[in-house]
Amino acid sequence: MQLPFHHLFLIKRPKTVSLHIITQHVPAMEINNFENLFEAKLAKNEMIEPKDWMPENYRKHLIRQISQHAHSEIVGMLPEGNWITRAPSLRSKLVLLAKVQDEGGHGLYLYTAAESLGTSRDEMLDALLTGKAKYSSIFNYPTLTWADVGAVGWLVDGAAIMNQVMLQRSSYGPYSRAMVRICKEESFHQRQGYELMTKLAFGTPEQKAMAQDALNRWWYPTLMMFGPPDRESPNSENAIKWRIKRETNDQLRQRFVNQTVKQVEYLGLTVPDANLKWNEAKNGYDFSEPDWAEFKNVIKGNGICNKERLTARNKAHNDGAWVREAAAAYGKKLSQPIAA
């Protein structure tokens, strides 16, 4: 089921003219001065703002990361949105509606942050709808049971929070500020998911089995959410250097496992990993790596739900064309002078 959140993505903003554009033909000595100022800001943990000079690779890295993050939020509405009409109670329906609506809002905040770097909403959405842009691999897996909604809230949003909390200290100001509100709302989402899993795990034997089945299917795809291992990650080095990220993929993945195993034990469920073992030396768990071949296959567009997700997003975009046209016509009308 595709929910009518088209209005969240309609607003077009003028492109921000950043100093990196203005200084393209400035002498090298002056460029070096700009670079020194940029590096000095990073060293002092100061924010880089849209009109500050920034290296072109920094700007491109941010556009890629923030737009992919935005795409993930709006595509992420689909797996759970599919369960709104089938929620088992009015309360659970209202909670899920609120959560899916939040995700649409997160997409809006992030698209707006990316626009401040000189790209446009149209460019970003076109990249998503044509399959050129990536989004989180986790949303290409199906939600088969009501327990999956709990697993997504608990595990997927839990992993997202772990990644996003550090992004509140990202070096790019608009991204950092957008993440403050997003993290608050994601915390609610995780609590909602864990509450649902708690009810199932402490319910009937059939409900507990449903919860375990969902955990089995979502555990490894969730570990993939942090990205490829550091040894194979092409973007991590620059992200850390520019203070866009503060921790590496592997560091975040390890912390997630350490935190989540205790939650699994409380539920009386079992982590689907025969190699899971506490390692006193590193003060953390040893655990099996995800199937990285599967991860790469999903990223390439060959996952279980890749085609379904893009089809749904394209349908929503096309169905909302009349809204965009009406908004543009109304805006044009408002800009016309009123006759005396």
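Looking only at helices and strands, one finds 14 helices and 2 strands in the chain. In terms of overall dimensions, the chain is globule-like: its C-alpha atoms have a radius of gyration of 22 Å, near the 20 Å expected for 340 residues. For the chain, the C-alpha atoms occupy an extent of roughly 70 × 60 × 35 Å along the three principal directions. Pairs at least 24 residues apart make up 79% of the contacts formed inside the chain by residues separated by at least 6 positions. If you average the places of the 43 positive and of the 37 negative side-chain charges in the chain, the two averages end up 4 Å apart.

Overall, the coordinates contain 12 aromatic pairs when judged by the stated rule. Aromatic side chains W219 and F256 sit 6.1 Å apart centroid to centroid with 35 degrees between the ring planes, which places their arrangement in the tilted category. Here W219 is found in helix α9 (residues 205-224), whereas its partner F256 is found in helix α11 (residues 249-267), with 37 residues between them in sequence. Here W219 matches F256 in class, with each residue buried. The lysine or arginine in question, R86, covers the ring of W83, its NZ or CZ lying 3.9 Å from the ring centre.

Any two side chains of opposite charge can pair if their charged atoms end up close together. One pass over the full model with this rule turns up 19 salt bridges. A salt bridge links E185 to R181, with the shortest nitrogen-to-oxygen separation between them at 3.1 Å. Separated by 4 residues within a single helix, E185 and R181 lie in helix α8 (residues 173-201), roughly one turn from each other. With a relative accessible area of 48%, R181 lands in the partly exposed category.

Grouped together as the largest cluster of nonpolar side chains are 75 residues, with contacts concentrated most on Y58, I66, Y172 and W218. Sequence-distant contacts of Y172, that is, excluding residues within four places in its chain, are made with M47, I48, E49, P50, M54, Y58, L62, I66, A113, S116 and L117.

Attention shifts here to a nonpolar patch on the surface. A cluster of nonpolar residues, L90, L94 and L97, forms a patch on the protein surface that exposes about 300 Å² of accessible area. Here L94 lies in helix α5 (residues 90-115).

Let us look at the side chain of D102. Note on placement: D102 falls in helix α5. Although D102 is buried, it makes no salt bridge; R181 carries the closest opposite charge, 6.3 Å away. Of the polar contacts made by the side chain of D102, one reaches the side chain of H189; its length is 2.9 Å. Setting aside its immediate chain neighbours within four residues, D102 contacts E185, F188 and H189.

Only a minority of non-glycine residues have a phi that is not negative, and only a minority of peptide bonds are not trans. A positive phi is found at N45, a non-glycine position, where the angle reads about 60 degrees. Backbone geometry at R243 places phi at a positive 60 degrees, although glycine is not the residue there. Assignment of secondary structure puts R243 in the loop between α10 (236-241) and α11. Residue R243 is classed as partly exposed on the basis of its relative accessible area of 28%.

Our next topic: helix α12 (residues 292-302). Those residues of α12 lying buried are W292, F295 and V298. Burial along α12 is one-sided: seen end-on, the buried residues are contained in an arc of 115 degrees. With respect to the buried face of α12, the exposed residues turned more than 90 degrees away are A293 and K300. On its buried face, α12 sits against α9, α11 and α13 (306-319).

What follows covers the packing of helix α3 (residues 56-75) against α5. Direction vectors running N to C along α3 and α5 enclose 160 degrees, while the axes themselves pass 8 Å from each other. With respect to their mutual orientation, α3 and α5 come out roughly antiparallel. Classified by chirality, the crossing of α5 by α3 is left-handed. Contacts between α3 and α5 pair I66, S67, H69, A70, H71, E73 and I74 from the former with E103, H106, G107, L110, Y111, A113 and A114 from the latter. Of the residues assigned to the contact of α3 with α5, the class counts are 7 nonpolar, 5 polar and 2 charged.

By the element assignment, H106 lies in helix α5. With a relative accessible area of 0%, H106 lands in the buried category. Separated by 15 residues in the primary sequence, H106 and R121 place their C-alpha atoms 14 Å from one another. The contact partners of H106, leaving out residues within four places of it in the chain, are E73, I182, E185, E186 and H189. Within the structure, the side chain of H106 is placed 3.4 Å from the side chain of E186, a separation counted as a polar contact.

With that out of the way, let us pick up helix α6 (residues 121-129). Residues of α6 that are buried: R121, M124, L125, A127, L128 and L129. Buried residues belonging to α6 abut α3, α5 and α13. Backbone geometry just after α6 places G131 at a positive phi near 85 degrees.

Here is what the cut-offs are and how they apply
- Residues numbered from 1 in each chain as written.
- Predicted model: local features only at pLDDT ≥ 70, side-chain atom pairs only at ≥ 80, totals over all residues.
- Heavy atoms only, no water.
- Helix = DSSP H or I, 4+ residues; strand = E, 2+ residues; numbered from the N terminus.
- Rg over C-alpha atoms; globule rule 2.2 N^0.38 Å.
- Contact = heavy atoms within 4.5 Å.
- Lys, Arg positive; Asp, Glu negative; His and termini not counted.
- Charge placed at Lys NZ, Arg CZ, Asp CG, Glu CD.
- Phe/Tyr/Trp six-rings, centres within 6.5 Å; stacked < 30°, edge-to-face > 60°.
- Buried < 20%, exposed > 50% of the residue type's maximum accessible area, 1.4 Å probe, protein only.
- Lys NZ or Arg CZ within 6 Å of the ring centre and 35° of its normal.
- Salt bridge = Lys/Arg side-chain N within 4 Å of Asp/Glu carboxyl O.
- Core = buried A, V, L, I, M, F, W, Y, C linked by side-chain atoms within 4.5 Å.
- Patch = residues over 30% accessible without salt bridge, like charges linked within 9 Å, V, L, I, M, F, W, Y side chains within 5 Å.
- Areas by Shrake-Rupley, 256 points an atom, 1.4 Å probe, with all protein chains shown as cover.
- Polar contact = N/O pair within 3.5 Å; in protein donor to acceptor, adjacent residues only side chain to side chain.
- Arc of directions from axis to C-beta.
- Axes fitted to C-alpha atoms, helices over the stretch in contact; angles between N-to-C directions.
- Parallel < 35°, antiparallel > 145°, perpendicular 65-115°, else oblique.
- Left-handed = near helix turned anticlockwise from the far one by under 90°.
- Nonpolar A, V, L, I, M, F, W, Y, C, P; charged D, E, K, R; others polar.

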